[in-house]
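Examining the three-dimensional arrangement
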Amino acid sequence: MRSICTSIVAMLVLAGMSFAATINVPADYTTIQAAIDEASDGDEILVAPGTYTGTGNEVVDMLGKAITLRASGTPEETIIDGQGARRCVRCNGGIIEGFLIRNGYTVYEGGGVVANGGGVLKDCVVTGNSGYWGGGIYLNGGDSQIIGCEVVGNHAVSYGGGIAARGPCGSLIQDTVVR
């Protein structure tokens, strides 16, 4: 009887646990956004080399999920491209690692990346983006981290061509080149 009770408890515990998945783009989903839409907290989205674009206001919106979006190639090979028509990345949580983020555009903040209250941008190159504030990256409060990135050749109408920050911001910028 004791082993039956132990087995039932073990099954109930395992049923309540979720296991992180690795989602591959484009093998599992053809777009980065489709993979993010289906991902759950803890998942990793591994993106193969290629140029990824979108049709909405952003190419990538992390949707506040605690996921990792990682390029499997180098930044020169794995590109998030706004095509001069949309912001590249909206990051409000999670980790984005190893991408070239280019050609983003918005009349608002953060043509390349807008970080609203958190998230990590690691080992990325952010270039050729434009916006009203923070053409490359705009930090809007919170505790975002920019680590090991290169932020070059971006433009802002008002201020912060490379990086601009606003509000109570405990963000960390480390080992990053801004020109």
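Description of the structure in this document.

How each quantity is defined
- Residues numbered from 1 in each chain as written.
- Predicted model: local features only at pLDDT ≥ 70, side-chain atom pairs only at ≥ 80, totals over all residues.
- Heavy atoms only, no water.
- Helix = DSSP H or I, 4+ residues; strand = E, 2+ residues; numbered from the N terminus.
- Contact = heavy atoms within 4.5 Å.
- Phe/Tyr/Trp six-rings, centres within 6.5 Å; stacked < 30°, edge-to-face > 60°.
- Buried < 20%, exposed > 50% of the residue type's maximum accessible area, 1.4 Å probe, protein only.
- Salt bridge = Lys/Arg side-chain N within 4 Å of Asp/Glu carboxyl O.
- Pairing = 2+ DSSP bridges.
- Axes fitted to C-alpha atoms, helices over the stretch in contact; angles between N-to-C directions.
- Core = buried A, V, L, I, M, F, W, Y, C linked by side-chain atoms within 4.5 Å.

As for the environment of Gly119
With respect to the helices and strands, the residue Gly119 is situated in the loop between strand 10 (113-115) and strand 11 (120-122). In this structure the C-alpha to C-alpha distance between Gly119 and Ile95, which are 24 residues apart in sequence, comes to 5.8 Å. In this structure Gly119 touches Cys91, Gly93, Gly94, Asp143, Ser144 and Gln145, once residues within four positions along its chain are discounted.

Comments concerning the packing of aromatic side chains
All told, the structure shown has three aromatic pairs when counted by the stated rule. Ring centres of Trp133 and Tyr138 lie 6.3 Å apart, and the angle between their planes is 20°; on these two criteria the pair is classed as stacked. The burial state of Trp133 is the same as that of Tyr138; both residues are buried. Cluster of aromatic residues (ring-pair linked, three or more members): Tyr132, Trp133, Tyr138 and Tyr159.

Brief notes about the pattern of salt bridges
Summed over all chains, the structure comprises six salt bridges. For Arg87, the salt bridge identified is with Glu58, shortest N-O distance 2.9 Å. Of this pair, Arg87 sits in strand 7 (residues 87-91) while Glu58 sits in strand 4 (residues 58-61); the two residues are 29 residues apart in sequence, bridging distant segments of the chain. Summarising the burial analysis for this pair, Arg87 and Glu58 share the class buried. The partner of Arg70 in a salt bridge is Glu97, and the shortest N-O contact between them spans 3.1 Å. Of this pair, Arg70 sits in strand 5 (residues 68-71) while Glu97 sits in strand 8 (residues 95-97); the two residues are 27 residues apart in sequence, bridging distant segments of the chain. Classification of Glu97 by relative accessible area gives buried; the value is 16%. Shared partners join several salt bridges into a network, and the residues in it are Glu44, Arg70 and Glu97.

Regarding the sheet that holds strand 19 (residues 172-174)
Strand order in the open sheet formed by seven strands is 1-2-5-8-11-15-19, and the pairing between neighbours is parallel. Two strands close off the open sheet at either side, each with one partner strand: strand 1 (22-25) and strand 19. Across the sheet, the mean angle separating the axes of adjacent strands is 10° when strand polarity is ignored. Here three bridges tie strand 11 to strand 15 (residues 145-147), and the two strands are oriented parallel to one another.

A look at the nonpolar core
Note on soluble globular proteins: their nonpolar side chains tend to be buried together. In this structure, Ile32, Ile45, Leu69 and Phe99 are the most contacted members of the largest nonpolar core, which totals 32 residues. In this view, Phe99 contacts Ile32, Val47, Leu69, Arg70, Ala71, Pro75, Thr78, Ile80, Asp123, Cys124 and Val125; residues no more than four positions away in its chain are not counted.

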